[in-house]
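Listed below, chain by chain, are the residues.
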Amino acid sequence: MPQHTPPRPICGHCDGFPTVTITTGTRTPDGQRQTITANCPACRGTGHTTTPAARARIGA
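The rules behind the values
Residues numbered from 1 in each chain as written. Predicted model: local features only at pLDDT ≥ 70, side-chain atom pairs only at ≥ 80, totals over all residues. Heavy atoms only, no water. Patch = residues over 30% accessible without salt bridge, like charges linked within 9 Å, V, L, I, M, F, W, Y side chains within 5 Å. Areas by Shrake-Rupley, 256 points an atom, 1.4 Å probe, with all protein chains shown as cover. Salt bridge = Lys/Arg side-chain N within 4 Å of Asp/Glu carboxyl O. Buried < 20%, exposed > 50% of the residue type's maximum accessible area, 1.4 Å probe, protein only. Pairing = 2+ DSSP bridges. Helix = DSSP H or I, 4+ residues; strand = E, 2+ residues; numbered from the N terminus. 1 Å grid on protein atoms, 1.4 Å probe; cavity = no way out; pocket = protein on both sides within 12 Å on 5 of 7 lines; lining within 4 Å. Points joined across faces, edges and corners; volume = space filled by probe spheres on them. Nonpolar A, V, L, I, M, F, W, Y, C, P; charged D, E, K, R; others polar.

Asker: I'd like a rundown of a nonpolar patch on the surface, residues and numbers included.
Answerer: Taken together, the side chains of V20, I22 and I36 make up a nonpolar region of the molecular surface, amounting to roughly 240 Å² of accessible area. Assessed through its relative accessible area of 40%, V20 is described here as partly exposed.

Listed below in structure tokens is the structure:
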């Protein structure tokens, strides 16, 4: 029988939207907007957090 993994909690800092693209206000030579990408520092761009119990087991 397959084992189902419970869903991981969504990051409270980014609400599950871990990566955003921000325009810098300038344009590239071909006329497109120049953008930068920013990742959520709390979840490192995954959109999920780990439970405290899981963190405690990693180093044990």
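Asker: Explain the pairing of strand β2 (residues 33-39) to me, and be specific about the residues and the numbers.
Answerer: Consecutive side chains along a regular strand alternate between the two faces of the sheet. Pairing of strand β1 (residues 19-27) with β2, which is carried by 6 bridges, proceeds in the antiparallel orientation. Of the residues in β2, the one forming a bridge with T21 is T37. Linkage of β1 to β2, two consecutive antiparallel strands, is achieved through a turn of 5 residues, within which G31 is found at a positive phi near 100°.

Asker: Residues and numbers for the layout of surface pockets, please.
Answerer: In this model, the largest pocket occupies a volume close to 210 Å³. What lines the largest pocket is a set of 11 residues, among which A42, C43, H48, T49 and T50 lie closest to the centre. Tallied by class, residues from the lining of the largest pocket come to 3 nonpolar, 5 polar and 3 charged.

All quantities given are derived from atomic positions and should not be read as evidence of function.
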